[in-house]
Amino acid sequence: MMPKRAYLFIAHGSREPAAREGFEVLLSSLRKSITGYPVLEAYLTLNQPSIETSVESGLAQGIEDYVVVPLFFFEGAHVKKDIPQILADLKLKHNRLDFQVMPPMASIESFAEWVVLNAVKKAAR
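Cut-offs and rules
Residues numbered from 1 in each chain as written. Predicted model: local features only at pLDDT ≥ 70, side-chain atom pairs only at ≥ 80, totals over all residues. Heavy atoms only, no water. Pairing = 2+ DSSP bridges. Helix = DSSP H or I, 4+ residues; strand = E, 2+ residues; numbered from the N terminus. Axes fitted to C-alpha atoms, helices over the stretch in contact; angles between N-to-C directions. Contact = heavy atoms within 4.5 Å. Expected span 1.5 Å × (residues − 1). Buried < 20%, exposed > 50% of the residue type's maximum accessible area, 1.4 Å probe, protein only. Arc of directions from axis to C-beta. Core = buried A, V, L, I, M, F, W, Y, C linked by side-chain atoms within 4.5 Å.

## Digging into the sheet that holds strand β1 (residues 5-11)
- Taking strand neighbours across the sheet as the criterion, the 4 strands line up as β2-β1-β3-β4 in an open arrangement whose pairing is parallel. Pairing within the sheet leaves two strands with one partner each, and these edge strands are β2 (39-43) and β4 (98-101). Across the sheet, the axes of successive neighbouring strands diverge by a mean angle of 30°, strand direction being ignored.
- Pairing of β1 with strand β3 (residues 65-70) involves 6 bridges; the strand directions are parallel. For Leu-8, the partnering residue across the bridge sits in β3 and is Val-68.
- Contacts from helix α1 (residues 17-33) reach β1 and β2 within the one sheet, and its direction differs from that of β2 by about 160°.
- The strands that helix α3 (residues 77-93) touches are β1, β3 and β4; relative to β4, the one it contacts most, it runs at about 165°.

## A closer look at α1
- For α1, which comprises 17 residues, the first-to-last C-alpha distance of 25 Å matches the rise-based estimate of 24 Å (1.5 Å per residue) to within 8%.
- Along α1, the residues classified as buried are Phe-23, Leu-27 and Leu-30. Looking down the long axis of α1, one finds its buried residues gathered within 60° of arc, a one-sided arrangement. Across from the buried face of α1, at angles greater than 90 degrees, the exposed residues are Pro-17, Ala-18, Glu-21, Val-25 and Lys-32.
- Elements that come into contact with the buried residues of α1 comprise β1 and β2.

## Quick look at the nonpolar core
- Grouped together as the largest cluster of nonpolar side chains are 20 residues, with contacts concentrated most on Leu-8, Ile-10, Ile-51, Val-55, Tyr-66, Leu-90 and Phe-99.
- At the level of secondary structure, the elements contributing two or more residues to this core comprise β1, β2, α2 (51-60), β3 and α3.
- Looking at this core element by element, the count peaks at 5 residues for α3.
- Core analysis: the next-biggest nonpolar cluster, separate from the first, contains 11 residues, Phe-9, Ala-11, Tyr-43 and Val-67 among them.

Structural data, given as structure tokens:
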């Protein structure tokens, strides 16, 4: 039986092929690390699948519970308004859906530590 929870990673979307390729590489790593649950992808703009398409596809597979991970650095308009509105519209359409939205990356304390370890210290060499 398919698990009812999925992890939905949302990228902004870009006209640059390298951006989509980078997202695909990240998703491949995440799928190896997150076992037992589907790892889904979505784009806010420009690329497919859209958030709506990914959630509708998951719903067709019996997935009703989503851990939403917006791959955005800061709490700008996309994180504060656009993504919550899309999720609210989906919930109105399918009231059994549940979305747990993770915070933007820069607000996570370990992200700042990662920057220091991987950017600042490496650049100082």
